[in-house]
Amino acid sequence: MVVAADKTLGQASEADGSKVAEEFFALSNLFDSDIRLARNLTDPARTPGDKQALVTKIFTGKLSAPLLEAMRVGAAGRWSNEADLGETCRLLGKHVLLKTASDNGKLDQVERDVFAMGQIIAKNRDLRNFLTDRHRAPTAQRIAAFNKLVGSQVDVLSLRLVNAVIERAQPGRISADIRAVLESAAQMRSRTMATIYAAKPLSETQHARLVNLLSKQAGHDVVVNVVIDPLVVGGLKIQRGDIVMDGAVSTKAEQFRRQLAS
């Protein structure tokens with residue numbers, strides 16, 4: 001579906017790309033709420049042609065051409081269960097926003113914005129709890145509160161990406177979901193992302209050396225984001241995907257303390 005969406009979308013303007021992304025998000029909500037429809041479009045007992053015909057019947061005139069074609073391609077594929085359809089549409093909505101940013105020369109800005117918003121959320125436990133607690137306020141209200149906090153300081157595409165994360169935020173998962181957006185942005189340029197935790201800012205030379213070292217280890221370009229964390233006493237903590245390299249003195253001291261206590 002990603003290839004089909006990219007092919008039919010082409011190099012879209014910011015307005016057109018944003019419109020297609022919103023259609024994907026709306027479809028995601030539809031499939032989550034209408035389980036019967038999602039099941040019909042993912043039923044392995046139905047032929048690809050039958051499911052494509054159903055997409056054409058239901059959505060012609062209601063979806064833009066890029067989205068209609070992407071849905072026809074998706075309906076012809078194999079799905080493990082109906083819930084995957086809504087999740088895939090959410091991921092495609094985020095992908096389209098990132099591609100639109102890239103097509104319009106704004107991907108660097110979007111990456112910086114999303115990273116900064118992720119740090120605001122990660123460092124503020126009260127905010128993080130509020131954004132992930134559906135019992136405290138409706139989704140629209142939680143998003144409105146966050147937009148009021150940061151909206152004027154970031155690009156609209158950046159804000160929409162983080163809003164999309166908040167819409168489905170689960171306790172304990174929101175920071176990881178924002179990192180996933182940044183990893184998708186890096187992969188769009190055949191790069192991966194690494195987060196460096198340090199007690200103080202790195203010099204330009206130190207930053208360049210880390211980028212070079214991590215890129216050599218990965219075998220391709222690595223985007224490096226630096227998080228200043230006073231709790232990191234000496235050394236560095238590096239996270240790249242599921243790999244964590246922790247050389248912080250504070251961590252080694254804690255490991256030694258645990259060994260003594262055991």
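About the thresholds
Residue numbers run consecutively from 1 along every chain, following the written order of its sequence. Only residues with pLDDT of 70 or above have their local features reported here, since the model is predicted, and side-chain atom pairs are shown and tallied only from 80 upward, although totals for entire chains, interfaces and linings are computed over all residues. The side-chain quantities take in all heavy atoms of the structure and omit both hydrogens and water. UniProt positions are given in the numbering used here, feature names are shortened, and annotations may be inferred rather than shown by experiment. In this text, helices come from DSSP runs of H or I with a minimum length of four residues, and strands from runs of E with a minimum of two, each type numbered from the N-terminal end. Each residue gets one of three labels from its accessible area relative to the maximum for its type: buried under 20%, exposed over 50%, partly exposed in between, using a 1.4 Å probe on protein chains only. Note on contacts: a residue pair qualifies if any of its non-hydrogen atoms lie within 4.5 Å across the two residues. To measure how exposed things are, a 1.4 Å probe is used in the Shrake-Rupley method; for residues, cover is taken only from the protein chains shown. The rule is short: rings of Phe, Tyr and Trp, with Trp giving its six-membered ring, pair when the centres are within 6.5 Å, and they are stacked under 30 degrees, edge-to-face over 60, tilted in between. Residues enter a nonpolar core if they are buried and are Ala, Val, Leu, Ile, Met, Phe, Trp, Tyr or Cys, with the set joined through side-chain atoms within 4.5 Å. Domain start and end points were adopted from an automatic or database domain assignment. Expected helix span is taken as 1.5 Å per residue step, with the number of steps being one fewer than the number of residues. Salt bridges, as used here, are contacts in which a Lys or Arg side-chain nitrogen is within 4 Å of a carboxyl oxygen on Asp or Glu.

Identification of the chain as ATP synthase subunit delta from Mobiluncus mulieris ATCC 35239 is taken from an unreviewed UniProt entry. Checking UniProt for the chain, the heading Sequence similarities (unreviewed entry) contains the comment "Belongs to the ATPase delta chain family."

**Some thoughts on the overall build of the chain**
From N to C terminus, the chain includes 13 helices and 4 strands. Buried positions account for 40% of the 262 residues belonging to the chain. Of all intrachain contacts in the chain linking residues separated by at least 6 positions in sequence, the fraction that spans at least 24 positions is 67%. Working note: accessible area of the chain is about 14,100 Å², and carbon and sulfur atoms make up 53% of it.

**Some thoughts on the environment of Cys-89**
With respect to the helices and strands, the residue Cys-89 is situated in helix H6 (residues 83-103). A relative accessible area of 0% places Cys-89 in the buried class. Sequence spacing of Cys-89 and Asn-29 is 60 residues, and the spatial spacing of their C-alpha atoms is 8.9 Å. With residues near it in sequence (within four places) discarded, Cys-89 still touches Phe-24, Leu-27, Ser-28, Phe-31 and Met-71.

**A word on the packing of aromatic side chains**
Where two aromatic rings form a pair, the distance of their centres and the angle of their planes describe that pair. Applying the stated rule across the entire model yields 1 aromatic pair. Centroid distance Phe-31 to Phe-59: 6.4 Å. Interplanar angle 85°. Geometry classified as edge-to-face. One end of the pair, Phe-31, is in helix H2 (residues 14-33); the other, Phe-59, is in helix H4 (residues 48-59), with 28 residues separating them in the sequence. Comparing Phe-31 with Phe-59 shows no difference in burial state: the two are buried.

**Some thoughts on the nonpolar core**
Judged by nonpolar contacts, the single largest core of 56 residues is most densely connected at Phe-31, Phe-59 and Phe-146. Each of domain 1 (1-103) and domain 2 (191-258) contributes no fewer than three residues to this core. The contacts of Phe-59, once residues within four sequence positions are left out, are Leu-27, Leu-30, Phe-31, Leu-37, Leu-41 and Leu-68. Among the nonpolar cores identified, the runner-up in size contains 7 residues, and Ala-194, Leu-210, Val-224 and Ile-238 belong to it.

**Thoughts on the side chain of Thr-100**
Relative to the helices and strands, Thr-100 is located in helix H6. Residue Thr-100 is classed as buried on the basis of its relative accessible area of 0%. Once residues within four sequence positions are removed from consideration, Thr-100 is found in contact with Ser-13, Glu-14, Gly-17, Ser-18 and Leu-157.

**What about the environment of Thr-47?**
One can find Thr-47 in the loop between helix H3 (35-42) and H4. Residue class for Thr-47 comes out partly exposed when judged on its relative accessible area of 47%. In this structure, the C-alpha to C-alpha distance between Thr-47 and Gly-77, residues 30 residues apart in sequence, is 9.7 Å.

**Some details on helix H5 (residues 65-76)**
Its 12 residues give H5 an end-to-end C-alpha distance of 17 Å, which sits within 8% of 16 Å, the value for a rise of 1.5 Å per residue. For H5, the complete set of buried residues consists of Pro-66, Leu-67, Leu-68, Ala-70, Met-71, Gly-74 and Ala-75.

**Thoughts on H2**
Over its 20 residues, H2 runs 29 Å from end to end, which matches the ideal 28 Å to within 8%, given 1.5 Å per residue. Of all the positions in H2, only Gly-17, Val-20, Ala-21, Glu-23, Phe-24, Phe-25, Leu-27, Ser-28 and Phe-31 are classed as buried.

**Observations concerning the pattern of salt bridges**
Pairing is possible between side chains of opposite charge, provided their charged atoms come close. In the structure shown here, the tally under the stated rule is 11 salt bridges. Here Arg-39 makes a salt bridge to Glu-82, at a shortest N to O gap of 3.3 Å. Taken as a pair, Arg-39 in helix H3 and Glu-82 in the loop between H5 and H6 lie far apart in primary sequence, 43 residues in all. Since its relative accessible area comes to 42%, Arg-39 is described here as partly exposed. Glu-82 sits in the partly exposed class, given a relative accessible area of 24%.

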